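These are the residues of each chain, in order.
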Amino acid sequence: MGPHPAVAAIRLAVRRVLHDILNDHQTSEHSSHERPPSPLVLVACSGGADSMALASALAFEAPKLDIRAGGVTVDHGLQPGSDQRADEVVLRLRELGLDPVDATAVTVGREGGPEAAARDARYAALDAAAERHGATAILLGHTRDDQAETVLLGLARGSGIRSLSGMAAVSGGPGAARRYRRPFLQLDRQTVRKACMVQSLPVWDDPHNADPAYTRSRLRHEGLPALEKALGKGVVEALARTAQLSRDDADALDAWAGQAEASVRDAAGGLECAKLYALPPAVRRRVLRRAAIEAGAPAGSLFARHVEEVDRLITGWRGQGAINLPGKVVARRQGGRLVIRQG
């Protein structure tokens, strides 16, 4: 008799990702005549159901592929006893057979709000752990439900198709374009939690996930249930599908913008307004955003409204003055050219 269907589902999802990691690792080492060492894959684990299920599946599947499996838990220090819980997670991961296992304490700032600040601190700690241990990849336990929530949050911000594309199955860290892998984006939260239950895995439910002070928590416990009540079941699956379709479209538009950028620059590298005007708006705004970031505007602080103001220098030119952008970058129109630089 095989494993419970929920356990089989999480193991299959992880097995597929590990095969991809192994193929990437072997390809990157193809120039060496020696057999490449076994790659190390870490699981980011909070102790919650999603990441504990992920850790258990990694511990089961990795040895079959000669992949070393470890784990890291991040103590955000936002709740009393968080250090003790981090130690408990370390113990659980080691009991699963993972090695190395780290607990990393971080200081959460305030920039961008509490959720964004905690996320930034967490990813910085995970990047540091990957560098410290020489890990090839880090697995994250985001589910299809998390993806649906991310799409709705992007929709509420009105920040364009890239925001609607949600979380990528594969994304990068500093100097590592494919560091983060999300095996569970096609699995719902209920399946993952069931896998923990049938394996008798102890899990910790973060009270922040039920705290209405946090936007994602309100969306999870109030917004999505209201949508399902109004529109019927299947909303989560539809939103996750929207994320993938949006990601495909956004990737194609980004590639188009990359090719178009060279065609709108003059011999000195300046942006020609007439040529920019001729581009489709979605492509033009991407070119403008790229130019602003190259000039020094921080990508995380450059919002759609900033790009729209710069775009009006092209499409609604009435002799208006310079546009101030984050990072002390200034955009202005001069003699048929768009100049974007730190002022």
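See the structure above.
Predicted model only: the values in this text are computed from it and were never measured.

A. Just the pattern of salt bridges, in detail. Overall, the coordinates contain 25 salt bridges when judged by the stated rule. For Arg189, the salt bridge is made with Glu149, and the minimal N-O distance between the two is 3.1 Å. Of the two residues, Arg189 is situated in helix 7 (residues 189-198) and Glu149 in helix 5 (residues 144-157); the sequence distance between them amounts to 40 residues. Of the residues examined, Arg189 reaches a relative accessible area of 18% and is grouped as buried. Accessibility expressed as a relative area gives 0% for Glu149, which makes it buried.

B. Representation of the sheet that holds strand 2 (residues 68-75) in the model. With mixed pairing, the 6 strands of this open sheet are ordered in space as 3-2-1-4-6-5. Strands at the two margins of the open sheet, each flanked by one partner only, are strand 3 (101-105) and strand 5 (170-173). The average undirected angle you get between the axes of adjacent strands in this sheet is 35°. The strands touched by helix 3 (residues 82-95) within the sheet are strand 2 and strand 3, with strand 2 carrying the most contacts at an inclination of about 170°. Its contacts with the sheet place helix 4 (residues 114-133) against strand 1 (40-44), strand 2, strand 3, strand 4 (137-139), strand 5 and strand 6 (176-181), and it is angled at close to 110° to strand 6.

C. Layout of the sheet that holds strand 7 (residues 271-272). Read across the open sheet, the 4 strands follow the order 7-10-9-8; overall the sheet is antiparallel. A strand with exactly one partner marks an edge of an open sheet, and here the two such strands are strand 7 and strand 8 (323-325). Inspection of the sheet shows strand 7 paired to strand 10 (residues 337-342) by 2 bridges, in the antiparallel sense. In the sheet register, Glu272 faces strand 10, and the bridge partner there is Arg337. The sheet strands contacting helix 11 (residues 281-294) are strand 7, strand 8, strand 9 (329-334) and strand 10, and the helix crosses strand 10 at an angle near 35°.

D. Quick peek at the nonpolar core. Core analysis: the biggest nonpolar cluster contains 37 residues, and Ile10, Leu18, Leu58, Leu98, Leu139 and Phe184 have the highest contact counts within it. When contributions to this core are tallied by element, the ones reaching two or more residues are helix 1 (5-28), strand 1, helix 2 (49-61), helix 3, strand 4 and helix 7. By residue number, the principal contributor to this core is helix 1, which donates 9 residues. Sequence-distant contacts of Leu139, defined by excluding residues within four places in its chain, comprise Val14, Val17, Ile21, Val41, Leu42, Val43, Ala44, Leu54, Leu58, Arg181 and Pro183. In this structure, Leu276, Val287, Ala291 and Ile323 belong to the second largest nonpolar core, which totals 26 residues.

E. Structural detail: the environment of Gly336. Assignment of secondary structure puts Gly336 in the loop between strand 9 and strand 10. Note on Gly336: relative accessible area 29%, which makes it partly exposed. Measuring from C-alpha to C-alpha, the distance between Gly336 and Leu227 comes to 48 Å, with 109 residues separating the pair along the chain. Residue contacts for Gly336: discarding those within four places in its chain leaves Leu271, Glu272 and Cys273.

F. Local environment of helix 5. The terminal C-alpha atoms of helix 5 lie 20 Å apart, and with 14 residues this matches the ideal 20 Å at 1.5 Å per residue to within 8%. Among the residues making up helix 5, those that are buried are Arg144, Asp145, Asp146, Gln147, Ala148, Glu149, Thr150, Val151, Leu152, Leu153 and Gly154.

Rules used throughout
- Residues numbered from 1 in each chain as written.
- Predicted model: local features only at pLDDT ≥ 70, side-chain atom pairs only at ≥ 80, totals over all residues.
- Heavy atoms only, no water.
- Salt bridge = Lys/Arg side-chain N within 4 Å of Asp/Glu carboxyl O.
- Helix = DSSP H or I, 4+ residues; strand = E, 2+ residues; numbered from the N terminus.
- Buried < 20%, exposed > 50% of the residue type's maximum accessible area, 1.4 Å probe, protein only.
- Pairing = 2+ DSSP bridges.
- Axes fitted to C-alpha atoms, helices over the stretch in contact; angles between N-to-C directions.
- Contact = heavy atoms within 4.5 Å.
- Core = buried A, V, L, I, M, F, W, Y, C linked by side-chain atoms within 4.5 Å.
- Expected span 1.5 Å × (residues − 1).

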